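Examination of the molecular architecture
Letter by letter, the chains look like this.
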Amino acid sequence: MKRIYADYSATAPLCGPAREKMTQLLDTFGNPTSAHQEGRMARKAVETARKQIARAIHAEPEEVFFTSGGSEANAAVLNQGWDFQASPVEHASVLAHPNARTGVIAVDRYGTVQPFTAACACVMLVNNEVGTIQPVKELAAGDAEHGGVTRWLHVDAVQAVGHIPVNVKELGCDTLSLSGHKFGAPPGVGALYISKRINRKFFRALIPGGGQEQGIRSGTENVPGIAAMGAAIEWSVEHMEEHRRRLQMLCDKLIDGIAAIRGTELTGHPTNRVPGIASFMFRDVEGTALAGALDEDGIAVSAGSACAAGKPKPSHVLLAMGCEPEQAAGALRISIGWKTTEDEADAVIKAVRQRVRELRGR
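Overview of the structure.

1. Some thoughts on empty space enclosed by the protein
Enumeration over the complete set of coordinates arrives at two cavities of 30 Å³ or more. Lining of the largest cavity is provided by 22 residues; of these, His163, Leu247, Pro275, Ile336 and Gly337 occupy positions nearest its centre. When residues of the lining of the largest cavity are traced back to their parent elements, those giving at least two are helix H7 (223-238) and helix H8 (240-259). Here the lining of the largest cavity gets four residues from one element, more than from any other, and that element is H8. Broken down by class, the residue content of the lining of the largest cavity amounts to 11 nonpolar, nine polar and two charged. When its volume is computed, the second largest cavity comes out at roughly 30 Å³.

And the structure:
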């Protein structure tokens, strides 16, 4: 049985250019900090990727620092000692940090962050569960109408980079995190943008040691992974509009076909959402049970809940949006990408309909 992968928001398949670049560099043994030829070749690969990442987000190469992923990049910012106000729909890597505070920033029923004023704040550009795109540019404005951030705005762009245009200058952010495996690079590599406005002399390294990445992140760089991420982001940006149009068509099909099921509700903003993520709540159905049943059918999706100590726990995102716990327990996220076909979308709709009927017992 051929499986259907519809969990791109969790991790995306390795794209062709990333696979090719990574394969080329797997036999490169030089340390980027070494002065010999092998070291210089490794350094060249790292710096090429740095330029590729910078171009993709409209930053300068010296503003890009490599990490192990988005969670580390978020932690590096929160490690600075400031209290950061965080929206209640942020990723767990933000909400679990001791320097993150909730209570000032609110969201509406679509998961859209509402105007606020804070000295330091964390706001994700695209919500990883429901796909809502946040009005970061307006939130950063700092004017009387929109509120704003006065000292430091960190943007978690893990679900945005490679999927929608991201321009750090237009967003007005001070720092921004991204993760390679969300747009076709291998897991275990990401990046942190730090604006020149931040005095890096006083930036507290999350991982101290050898002083790599201008002292921001010590540790020998993951050369094959970094180079693959550079190739992946270049490929993603080049094909972004083509992928957006196709994914929008497929996502609309999924939404129309699944939301028509009795007792089903689309979550997230109905229009201001990233193409590729469709999240639903099903009345009288456990999301974890539905995801498990679909897995048996050969379809990989995610339940809209996290598991704590083996017990289902309603999604904090949906609860923040005003959903009741029993509603949130019936959540399912379907996320598609460049390999998804129309036939696969049709198969997902058919399987969801069938399994929901079975789980409801009628």
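And the narrative resumes.
2. Comments concerning the sheet that holds strand S15 (residues 331-335)
Strand order in this open sheet of four strands is S9-S10-S15-S12, and the pairing throughout is antiparallel. At either end of the open sheet lies a strand with only one pairing partner, and these are strand S9 (264-267) and strand S12 (302-303). In this sheet, S15 lies alongside strand S10 (residues 277-282) in antiparallel orientation, the contact comprising five bridges. Bridged to isoleucine 277 within S15 is serine 335. Contacts from H8 reach S9, S10 and S15, with the element oriented near 10° to S10.

3. Side note on helix H2 (residues 37-57)
The end-to-end C-alpha distance of H2 is 31 Å, a good match for the 30 Å that 21 residues give at a rise of 1.5 Å each. When we look at burial in H2, the residues that qualify are Gly39, Ala42, Ala45, Val46, Ala49, Arg50, Gln52, Ile53, Ala54, Ala56 and Ile57. Where H2 ends, the next residue or the one after it, histidine 58, has phi of about 60°, a positive value.

4. Focus on the side chain of serine 93
By the element assignment, serine 93 lies in helix H4 (residues 92-95). Serine 93 gets classed as buried once you look at its relative accessible area, which sits at 17%. Engagement of the side chain of serine 93 in a polar contact is seen with the side chain of histidine 91, the distance being 2.9 Å. Non-local contacts of serine 93, meaning those with residues more than four positions away in its chain, are made with Ser71, Asn74 and Leu78.

5. Some words on H8
Taking 1.5 Å per residue as the helical rise, H8 with its 20 residues ought to reach 28 Å, and the 27 Å between its terminal C-alpha atoms agrees with that figure. Among the residues making up H8, those that are buried are Met240, His243, Leu247, Leu250, Cys251, Leu254, Ile255, Gly257 and Ile258. For H8, the angular spread of buried residues about the axis comes to 165°, placing them on one side. Contacts made by the buried residues of H8 are with H7, S9, S10, S15 and helix H12 (342-360).

The rules behind the values
- Residues numbered from 1 in each chain as written.
- Predicted model: local features only at pLDDT ≥ 70, side-chain atom pairs only at ≥ 80, totals over all residues.
- Heavy atoms only, no water.
- 1 Å grid on protein atoms, 1.4 Å probe; cavity = no way out; pocket = protein on both sides within 12 Å on 5 of 7 lines; lining within 4 Å.
- Points joined across faces, edges and corners; volume = space filled by probe spheres on them.
- Helix = DSSP H or I, 4+ residues; strand = E, 2+ residues; numbered from the N terminus.
- Nonpolar A, V, L, I, M, F, W, Y, C, P; charged D, E, K, R; others polar.
- Pairing = 2+ DSSP bridges.
- Contact = heavy atoms within 4.5 Å.
- Axes fitted to C-alpha atoms, helices over the stretch in contact; angles between N-to-C directions.
- Expected span 1.5 Å × (residues − 1).
- Buried < 20%, exposed > 50% of the residue type's maximum accessible area, 1.4 Å probe, protein only.
- Polar contact = N/O pair within 3.5 Å; in protein donor to acceptor, adjacent residues only side chain to side chain.
- Arc of directions from axis to C-beta.

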